[in-house]
Amino acid sequence: MCDTAPSLSCCTDKIIVQDKVCINWQLAAAGTQVIFSDNIPQIISGTGFVKYETGTGALTVNFFAAGIVAPIETIVIPVGGSASFTVARFQSISLTSTAAVQGEFCITVRYNL
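Residues numbered from 1 in each chain as written. Predicted model: local features only at pLDDT ≥ 70, side-chain atom pairs only at ≥ 80, totals over all residues. Heavy atoms only, no water.

### Some details on the environment of V87
Here is step 1 of the chain: Note on placement: V87 falls in strand 6 (residues 82-88).
Here is step 2 of the chain: The exposure class of V87 is buried, given its relative accessible area of 6%.
Here is step 3 of the chain: Taking C-alpha positions, V87 is 9.0 Å from G48, a pair spaced 39 residues apart along the chain.
Here is step 4 of the chain: Aside from chain neighbours lying at most four places away, what touches V87 is I44, S45, G46, F63, I72 and E73. (Helix = DSSP H or I, 4+ residues; strand = E, 2+ residues; numbered from the N terminus. Buried < 20%, exposed > 50% of the residue type's maximum accessible area, 1.4 Å probe, protein only. Contact = heavy atoms within 4.5 Å.)

### A look at the nonpolar core
Here is step 1 of the chain: Counting residues in hydrophobic clusters, the biggest one holds 24 residues, and the most contacted among them are W25, F36, V50, I93 and F105.
Here is step 2 of the chain: When contributions to this core are tallied by element, the ones reaching two or more residues are strand 1 (16-27), strand 2 (31-37), strand 3 (45-55), strand 4 (59-64), strand 5 (73-77), strand 6, strand 7 (92-97) and strand 8 (101-112).
Here is step 3 of the chain: If you tally residues by element for this core, the top one is strand 8, at five residues.
Here is step 4 of the chain: Non-local contacts of F105, meaning those with residues more than four positions away in its chain, are made with V21, C22, I23, W25, I35, F36, F49, V50, F85 and I93. (Core = buried A, V, L, I, M, F, W, Y, C linked by side-chain atoms within 4.5 Å.)

### Details of the pairing of strand 6
Here is step 1 of the chain: By the alternation rule, side chains of strand 6 split into A83, F85 and V87, which are all buried, and S82, S84, T86 and A88, of which none is buried.
Here is step 2 of the chain: The sheet contact formed by strand 3 and strand 6 spans seven bridges and is antiparallel. When the bridges of strand 6 are listed, G48 appears paired with F85. (Pairing = 2+ DSSP bridges.)

These figures capture arrangement, not role.
Listed below in structure tokens is the structure:
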């Protein structure tokens, strides 16, 4: 918390780190694959997109928080579609499909050090 005294003072600087990851992904058969997972205890937020290039049926993207079994956010993408997202307080992202699928994933993650 900042000093509220009449003298001039500032809050301590926060160091915010930003990382960007982009990959092509592929699931060779029906199933679930974790596509992103962090290894830091800080609360993170991320902005990105999932592109579903080839396959059959819908692709489900789930965002999970640490220690919580149920997803905190779910996006369903049709074949040939894409979706953008902004999600906070998550630890991992998984893709689930009912057949072989492939596409692209990109995320910019931000967190305090």
